[in-house]
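So the chains spell out like this:
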Amino acid sequence: MAMDAKHGLYKGQEMPLQRDVEVISIPFGKTITLPEDSVVAVMQAKGSSVSVSYEGRLYLIEGQDLDALGLTPTPRPTLDPAASEEEMEAFVWEQLRTCFDPEIPVNIVELGLVYGCRIERLLSGERMVTIRMTLTAPGCGMGDVIAEDARRKILGAPQFSKVHVEIVFDPPWSREMMSEEARLELGMF
């Protein structure tokens, strides 16, 4: 069994939830609440999130809710209210690097799934982030989960009121889009 050094968890490790916790269902991307004392099994602990199995279904527990697993929570990402445009864009990319396909242990940026992001000021004065990304395959069912994870993390910054994730398949994703780091991690040379 492999241990995740950051979280101190083993894949397959079972543990009871220490409180009710809001989770994102995989692959549907919908939010539900798992009740306290539910026994979950750790599937993957990457970035600031942990994916768990409960009653034959998969769920994503976000970093700020890790105390439900008895772990130290990761504070919800935020950004200084006086941040510059460059700092805002860097924040978005930083948050995207904490998003993982629940089936692949490499973040979506290093996998080459994110084609770009744009920050726009709306007529209302609010800022909206548009992320253009793809999936490893058109039939991949993880798009909603990844999109919801990215939305929640980016909305931790007070500057952003909306996040739109556009999933596209042109150009189609290929292994060549992965960073060298991702290829090393996955053993794909």
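Below: a short report on this structure. (Residues numbered from 1 in each chain as written. Predicted model: local features only at pLDDT ≥ 70, side-chain atom pairs only at ≥ 80, totals over all residues. Heavy atoms only, no water.)

Some words on the pattern of salt bridges
Alright, step 1. Applying the stated rule across the entire model yields 10 salt bridges.
Alright, step 2. With a closest N to O distance of 3.9 Å, Arg 97 and Glu 110 form a salt bridge. Separated by 13 residues along the polypeptide, Arg 97 in the loop between α1 (85–96) and β9 (114–121) and Glu 110 in the loop between α1 and β9 bring together distant segments of the chain.
Alright, step 3. Taking the relative accessible area as the measure of exposure, Arg 97 reaches 39% and is therefore partly exposed.
Alright, step 4. Judged by its relative accessible area of 15%, Glu 110 falls in the buried class. (Salt bridge = Lys/Arg side-chain N within 4 Å of Asp/Glu carboxyl O. Helix = DSSP H or I, 4+ residues; strand = E, 2+ residues; numbered from the N terminus. Buried < 20%, exposed > 50% of the residue type's maximum accessible area, 1.4 Å probe, protein only.)

Quick word on the sheet that holds strand β11 (residues 160–167)
Sheets are built from strands paired through backbone hydrogen bonds, the pairs being either parallel or antiparallel.
Alright, step 1. Read from one edge to the other, the open sheet built from 3 strands follows the order β9-β10-β11, with strand pairing classed as mixed. The two strands at the open ends of the sheet, each matched to only one other strand, are β9 and β11. Neighbour-to-neighbour, the strand axes of the sheet open up by a mean angle of 15°, direction not taken into account.
Alright, step 2. In terms of strand pairing, strand β10 (residues 127–133) meets β11 through 7 bridges, oriented parallel. The residue of β11 that forms the bridge with Met 128 is Lys 162.
Alright, step 3. Here α1 sits on the sheet and contacts β9, β10 and β11; the angle it forms with β9, its principal contact strand, is near 140°.
Alright, step 4. Set on the sheet, helix α2 (residues 143–154) makes contact with β10 and β11; between it and β11 the angle comes to about 160°. (Pairing = 2+ DSSP bridges. Axes fitted to C-alpha atoms, helices over the stretch in contact; angles between N-to-C directions. Contact = heavy atoms within 4.5 Å.)

By themselves, these figures tell us nothing about what the structure is for.
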